[in-house]
Amino acid sequence: MLFDGWQNIFRVLVMGTASYVALIVFLRLSGKRTLSKMNMLDFIITVSLGSAFATVTLSKDTALADGLTALALLIALQYGVAWLSVRSKRFQELVKGEPALLFYRGHYLSKTMMTERISPEAVRFAARSQGVDDMSTLGAVILETDGTFSVVPTFEGRAGNALEDVQLPAAIQEHPGGSRQ
C-alpha cells in the first residue's frame, strides 16, 4: 500500500515528535557519557534506543507511555552501568573489554591479531592514518575497547604509562626490545 490515510500520517507525526523531544530530554538528563564514543555496551544501547524509538513512532500497538518508559529504562540502564563502572574496577572489567596490543616496537603480535581478527594491513592502515611511514620506528598499535586504533609513534627506551592498562604479552615483558609472537 502506498497510503493508508491521514490518520496514520498524523499519528506518526505526533508520536515521532513526542518521542524525539522525550529522547532529547532523557539524554540531556543522563549526561554526556551516554553519547560518548562507543564501546560494546554503548553500541547495544544506541541500537536499542533506535529500535525503541522506531517502534514508538511507527507501531500502532505501542502507546506513547510504553515507548517513553522503554527509552527511559534503556538510558537509566546505561547510566547505571557507567556509574558502576567508574566506581568498581571489578564491574568495569566485567562489562568492558581490555585494549589489545597488536604491534609493539617493530613487531606484529600475531597471536593477539588472530584473536582480535585484525590483519597486518589494518594495522598498517592505522599507522598510515597517523602519518607513520616506517613500521620499524613505530612504538605500538593498540585496538581500543571502542574498536578504534591508537597509534603510539615511538618510545624513548621504555614503555610509557599510556600503556598501563594494556596487557603486554609475556614475551614482551621478558624482552622489552620486542619479540615476535
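What counts, and at which threshold
Residues numbered from 1 in each chain as written. Predicted model: local features only at pLDDT ≥ 70, side-chain atom pairs only at ≥ 80, totals over all residues. Heavy atoms only, no water. Phe/Tyr/Trp six-rings, centres within 6.5 Å; stacked < 30°, edge-to-face > 60°. Buried < 20%, exposed > 50% of the residue type's maximum accessible area, 1.4 Å probe, protein only. Pairing = 2+ DSSP bridges. Helix = DSSP H or I, 4+ residues; strand = E, 2+ residues; numbered from the N terminus. Contact = heavy atoms within 4.5 Å. Axes fitted to C-alpha atoms, helices over the stretch in contact; angles between N-to-C directions.

Engineer: I'm lost on the packing of aromatic side chains in this one. Help?
Structural biologist: How two aromatic rings sit relative to each other is given by the distance of their centres and the angle of their planes. Per the counting criterion, the structure on display carries 1 aromatic pair. Note on phenylalanine 103 and tyrosine 108: the rings are 4.9 Å apart at their centroids and 75° apart in plane angle, and the pair reads as edge-to-face. Since its relative accessible area comes to 1%, phenylalanine 103 is described here as buried.

Engineer: I tried to follow the sheet that holds strand β2 (residues 107-108) on my own but got confused; where do I start?
Structural biologist: Across a sheet, paired strands are connected by hydrogen bonds in the backbone, their directions being either parallel or antiparallel. Read across the sheet, 4 strands follow the order β2-β1-β3-β4 without closing on themselves; strand pairing throughout is antiparallel. Single-partner strands in this sheet number two, and they are β2 and β4 (149-152). Where strand β1 (residues 100-104) and strand β3 (residues 140-143) come together, 4 bridges link them in antiparallel fashion. The residue bridging tyrosine 104 from the neighbouring strand is alanine 140, located in β3. Helix α6 (residues 120-129) rests against β1, β2, β3 and β4 of the sheet, and its axis sits at about 65° to β4.

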